[in-house]
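Residue-level listing of the chains:
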Amino acid sequence: MIRTALLSKWHVHAQEYAEEAIQNEHITLTHVWDEQKERGQAWADELGLSFEEEIDNIFRNTEIDAVIVASPTSMHTEIITKAAKHGKHVFTEKVLAETEADAAAILQEVERHGVKLMVSLPRLTADYYLYTQQVVDKGLLGRLTTIRCRVAHNGSVPTEQHPNGWLPKHFYNKELCGGGAFIDLGAHPIYLSNCLGGQVKAVTARFTQTFDHEVDDNSVAIVEYQSGALGILETGFVSSGSPFQLEVYGTEGTLMIEDGIIRIRSINLQEGWHSPSEEELPKNAPSAMTQWVSEIRTGKKPDISYQDAYLLTLINDAARRSNEEGRRIEI
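So, here's what we can say about the structure. (Residues numbered from 1 in each chain as written. Predicted model: local features only at pLDDT ≥ 70, side-chain atom pairs only at ≥ 80, totals over all residues. Heavy atoms only, no water.)

1. Considerations on the overall build of the protein chain
Phase 1 of the analysis: The helix and strand tally for the protein chain stands at eleven helices and 14 strands.
Phase 2 of the analysis: A principal-axis box enclosing the C-alpha atoms of the protein chain has dimensions of 60 × 50 × 40 Å.
Phase 3 of the analysis: When each of the 331 residues of the protein chain is scored for burial, the buried share is 53%.
Phase 4 of the analysis: Restricting to contacts in the protein chain with at least 6 residues of sequence separation, those with at least 24 account for 69%.
Phase 5 of the analysis: For the protein chain, the computed accessible surface area is about 15100 Å², with 46% contributed by carbon and sulfur atoms.
Phase 6 of the analysis: Side-chain charges of the protein chain comprise 30 positive and 48 negative groups, with the mean position of each set lying 5 Å from the other. (Helix = DSSP H or I, 4+ residues; strand = E, 2+ residues; numbered from the N terminus. Buried < 20%, exposed > 50% of the residue type's maximum accessible area, 1.4 Å probe, protein only. Contact = heavy atoms within 4.5 Å. Areas by Shrake-Rupley, 256 points an atom, 1.4 Å probe, with all protein chains shown as cover. Lys, Arg positive; Asp, Glu negative; His and termini not counted. Charge placed at Lys NZ, Arg CZ, Asp CG, Glu CD.)

This is the structure we're talking about:
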């Protein structure tokens, strides 16, 4: 069994990770730590676990094998680095770190100490992404020219039930989060487009504040790839009813995904639009947590790589700099 501690309930996905860990037959949850003692104690009581007030005691505890990190983004570098130095495997919420330099430093420590790290990039395990990657790899779209990906919701939109939107207030704390919509929800368009577009050449981004927050709630980035293709990445907390969209355009075809609807049109296929059959659509890959556990137990390399995690932070960092400095950032 992989004896695992939960480090913080700060992120909105923390409870989901705890529930998935409980359902995994190879994980035993043992402890909870949280930077807010009352929240952590309540969570530990709810889950029937021990609460540890001092995080260093988690790291020094030789009976703990791994940690699940859902702390403020600003704490990732310190927490993950310390965990690695103490030989703890790490599963963490995106992003890996706020800056490219910190992400590189974390990965160096992880590799130096031989622990297994997994950043939760869930859409890389989805059937629609796996199908899209197959289509691109087979050349059905020809030379890629444009990738457009949009992931947005209405988490910041005031309603009668939620006057400040349904996202927790701390999601607008720049010091804790490192940013707003782009560093959080924008992670999904970034890592999906990274995998499809290849090596990045430059990034130009613009972040805006629709409501009175200190972080962005509506953001767009244009990514230039070495191949000459362009990526258009859109995200925000202020779009009601916005569907997930992934569009891939090439010299020989187009692939369009909107929520669960997939359509492809290509000169390499019969004329007209086609949707993949059940047999043509790959099955979802094992979840990020399942892949993490498998690597710890058997050494099997996961589909989600350290490079995926690093590039996610790299593009985030470049987009932040582009917005702050008002210029195109070359990678």
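From this point, the discussion proceeds with the structure in view.
2. Topic: the sheet that holds strand S11 (residues 245–250)
Phase 1 of the analysis: An order of S13-S12-S11-S7-S10-S9-S8-S14 is seen for the eight strands of this open sheet, with the pairing classed as mixed. What marks the edges here is a single partner per strand, and that holds for strand S13 (261–266) and strand S14 (329–330).
Phase 2 of the analysis: In terms of strand pairing, S11 meets strand S12 (residues 253–258) through six bridges, oriented antiparallel. Within S12, the residue paired with Val248 across the bridge is Leu255.
Phase 3 of the analysis: Helix H9 (residues 187–197) rests against strand S7 (144–152), strand S8 (200–208), strand S9 (218–225), strand S10 (230–236) and S11 of the sheet, and its axis sits at about 160° to S7. (Pairing = 2+ DSSP bridges. Axes fitted to C-alpha atoms, helices over the stretch in contact; angles between N-to-C directions.)

3. Considerations on the packing of helix H6 (residues 127–138) against H9
A packed helix pair is summarised by two numbers, namely the angle formed by the two axes and the spacing between the axes.
Phase 1 of the analysis: Packing of H6 against H9 leaves a shortest axis separation of 10 Å and a crossing angle of 20°. In terms of orientation, H6 lies roughly parallel with respect to H9. Once H6 is placed against H9, the crossing between them reads as right-handed. Here Tyr129, Thr132, Gln133 and Val136 of H6 come into contact with H9, specifically with Leu192, Cys195 and Leu196. (Parallel < 35°, antiparallel > 145°, perpendicular 65-115°, else oblique. Left-handed = near helix turned anticlockwise from the far one by under 90°.)

4. Describing the pattern of salt bridges
Once their charged atoms are close, side chains differing in charge can pair, the charge on each being opposite to the other.
Phase 1 of the analysis: Taken as a whole and assessed by the stated rule, the structure comprises 20 salt bridges.
Phase 2 of the analysis: As a salt-bridge pair, Asp56 and Lys82 come within 3.3 Å of each other at their nearest N and O atoms. Separated by 26 residues along the polypeptide, Asp56 in helix H3 (residues 55–60) and Lys82 in helix H4 (residues 76–85) bring together distant segments of the chain.
Phase 3 of the analysis: Given the relative accessible area of 28%, Asp56 is considered partly exposed.
Phase 4 of the analysis: Residue Lys82 is classed as partly exposed on the basis of its relative accessible area of 28%.
Phase 5 of the analysis: For Asp184, the salt bridge is made with Lys94, and the minimal N-O distance between the two is 3.6 Å. Of the two residues, Asp184 sits in helix H8 (residues 181–184) while Lys94 sits in the loop between strand S5 (89–92) and helix H5 (100–113), which places them 90 residues apart along the sequence. Across the pair, Lys94 and Asp184 agree in class, each one buried.
Phase 6 of the analysis: The network of salt bridges with common partners includes Arg148, Arg150, Glu234 and Glu247. (Salt bridge = Lys/Arg side-chain N within 4 Å of Asp/Glu carboxyl O.)

5. What to know about helix H11 (residues 306–325)
Phase 1 of the analysis: The end-to-end C-alpha distance of H11, which contains 20 residues, comes to 28 Å, matching closely the 28 Å that a straight helix rising 1.5 Å per residue would cover.
Phase 2 of the analysis: The backbone nitrogen of Gln307 has a side-chain oxygen 3.3 Å away, supplied by the residue at the start of H11, namely Ser305.
Phase 3 of the analysis: In the stretch just after H11, Gly326 is the one whose phi turns positive, near 65°. (Expected span 1.5 Å × (residues − 1). Polar contact = N/O pair within 3.5 Å; in protein donor to acceptor, adjacent residues only side chain to side chain.)

6. Thoughts on unusual backbone geometry
Phase 1 of the analysis: Cis geometry is adopted by the peptide bond preceding Val95, which originates at Lys94 and carries an omega value of -10°.
Phase 2 of the analysis: Tracing the sequence through the fold places Val95 in the loop between S5 and H5.
Phase 3 of the analysis: Here Ser8, not a glycine, exhibits a phi torsion of approximately 85°, which is positive.
Phase 4 of the analysis: Structurally, the position occupied by Ser8 is in the loop between strand S1 (2–7) and helix H1 (14–23).
Phase 5 of the analysis: Here the phi dihedral of Asp259 falls at roughly 50°; this positive angle occurs in a residue that is not glycine.
Phase 6 of the analysis: One can find Asp259 in the loop between S12 and S13.

None of this, on its own, says anything about what the molecule does.
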